[in-house]
Amino acid sequence: MSSEAWAETLILIGVLFDLLGTIGLVRLPDVYNRLQAGTKCVTLGTCFILAGAAVWAGGALAMKAVICMAFVLLTSPVGAHALARSAYRSGVAAWEGTVVDDYRGHVERLMHAPTPMKDEATALAQTEIA
Amino acid sequence: MNWVYLAAAGLFVGAFLCLFRIGRGPSAPDRAVAIDILGTLVVGFCCLLAIRTGQDFLMNIAIAWALMSFLGAIALAKYLEGKAFDE
């Protein structure tokens, strides 16, 4: 296969993954499922598109495509993790068919435990007042 | 070059599905997730434009868009969690 045929194959696979991810974003029942389907499929799809561009062009454009691929692979899981954590802590309910929720106990322990930083601050303020 | 137009049409369909979720999403994190994914789709679209026109600078736009989309996702997550950046 020529390099253009390789690039065409990679890009069409990537677009297929992007479409599957966005269909999952629309069809799945709650925010955690949507996040899972969307982020994984779209990251893989965009990386395939960038790899296709690198194969097709070569030179400076290929170098930039590889850098962009590294950025997408590094940042997308971190952003998805932060969004899932904020969704859980802001109290979005999971789908009623959810079986396992291991994070609830951890969050409740964090919510009810006295935070040491705040205690030190109040103690310091009290000594300063006295 | 017809396959570039086919790929762009696929990305357009995905972007409209994201917009549907942004408009419909029952909670704020749903919308934040859809905005994050829309940013990733725009990176792919910049890449297709760079292939079609052969211009290098469109890949610079793609890199910048990926980083800004990440920053936006982190800021939205921190805002929804009700915390500042240094906590």
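Chemist: Explain the interface of chain A and chain B to me, using residue names and the numbers behind them.
Modeler: Contacts between the two partners involve 42 residues from chain A and, on the opposite side, 45 residues from chain B. At the boundary of chain A with chain B, total buried surface from both sides reaches about 3,800 Å², with 78% on carbon and sulfur atoms. Scanning the region where chain A abuts chain B turns up 3 salt bridges. Between Arg34(A) and Asp30(B) there is a salt bridge whose closest N-O contact spans 2.5 Å. Applying the counting criterion to the chain A and chain B interface returns 7 residue pairs in polar contact (both at pLDDT 80 or more).

Chemist: Could you give an account of the environment of Met69(A), naming the residues involved and the relevant values?
Modeler: Residues and elements named next belong to chain A. Looking at the secondary structure, you find Met 69 in helix 3 (residues 59-89). Residue Met 69 is classed as buried on the basis of its relative accessible area of 18%. For the pair Met 69 and Ala 51, spaced 18 residues apart in the sequence, the C-alpha separation amounts to 7.7 Å. Not counting chain neighbours up to four residues away, the residues in contact with Met 69 comprise Cys 47, Leu 50 and Ala 51.

Chemist: Lay out the pattern of salt bridges in plain terms, naming residues and giving numbers.
Modeler: Under the definition given, this model contains 3 salt bridges over all chains. Between Glu81(B) and Arg89(A) there is a salt bridge; the shortest N-O distance is 3.4 Å. One end of the pair, Glu81(B), is in helix 3 (residues 57-81); the other, Arg89(A), is in helix 3, on a second chain. Linked through salt bridges whose partners overlap, the residues forming this network are Arg85(A), Arg89(A) and Glu81(B).

Chemist: Go over helix 3 of chain A, please, and point to the residues and values.
Modeler: Under the 1.5 Å per step criterion, the end-to-end length of helix 3 of chain A is 46 Å for 31 residues, consistent within 8% with the ideal 45 Å. Count one or two residues on from helix 3 of chain A and you reach Gly91(A), which has phi positive near 90°.

Chemist: Break down the environment of Gly45(A) for me, with residues and values.
Modeler: Residue and element names in this part refer to chain A. With respect to the helices and strands, the residue Gly 45 is situated in helix 2 (residues 31-57). Residue classification places Gly 45 among the buried positions, given a relative accessible area of 0%. When the C-alpha positions of Gly 45 and Gly 14 are compared, they lie 3.8 Å apart, and in sequence the two are 31 residues distant. When neighbours within four sequence positions are excluded, Gly 45 is seen to be in contact with Gly 14, Phe 17 and Asp 18.

Chemist: Provide a residue-level description of the nonpolar core, including the pertinent values.
Modeler: Judged by nonpolar contacts, the single largest core of 50 residues is most densely connected at Ile11(A), Leu50(A), Leu83(A), Val33(B) and Met59(B). It is helix 2 (residues 28-53) of chain B that contributes the most residues to this core, 11 residues altogether. Those residues within four positions of Leu50(A) in sequence are excluded, and the remaining contacts are Ala65(A), Cys68(A), Met69(A), Cys47(B) and Met59(B).

Chemist: Outline the packing of aromatic side chains, listing residues and values.
Modeler: Considering all chains together, one arrives at 3 aromatic pairs over all chains under this definition. Where Phe17(A) meets Phe48(A), the ring centres are 6.1 Å apart and the plane angle is 5°; that geometry is what we call stacked. Note that Phe17(A) is positioned in helix 1 (residues 3-27) and Phe48(A) in helix 2, a separation of 31 residues in sequence. Among the residues examined, Phe17(A) registers a relative accessible area of 27% and is labelled partly exposed. According to the relative accessible area criterion, Phe48(A) is partly exposed, its value standing at 24%. Pairing Phe12(B) with Phe45(B) gives two aromatic rings, centres 5.5 Å apart and planes at 70°, and the pair type is edge-to-face. One end of the pair, Phe12(B), is in helix 1 (residues 2-24); the other, Phe45(B), is in helix 2, and 33 residues separate them in sequence.

About the criteria used
- Residues numbered from 1 in each chain as written.
- Chains lettered and ligands numbered in written order.
- Predicted model: local features only at pLDDT ≥ 70, side-chain atom pairs only at ≥ 80, totals over all residues.
- Heavy atoms only, no water.
- Contact = heavy atoms within 4.5 Å.
- Buried area = accessible area lost by both parts, 1.4 Å probe.
- Salt bridge = Lys/Arg side-chain N within 4 Å of Asp/Glu carboxyl O.
- Polar contact = N/O pair within 3.5 Å; in protein donor to acceptor, adjacent residues only side chain to side chain.
- Helix = DSSP H or I, 4+ residues; strand = E, 2+ residues; numbered from the N terminus.
- Buried < 20%, exposed > 50% of the residue type's maximum accessible area, 1.4 Å probe, protein only.
- Expected span 1.5 Å × (residues − 1).
- Core = buried A, V, L, I, M, F, W, Y, C linked by side-chain atoms within 4.5 Å.
- Phe/Tyr/Trp six-rings, centres within 6.5 Å; stacked < 30°, edge-to-face > 60°.

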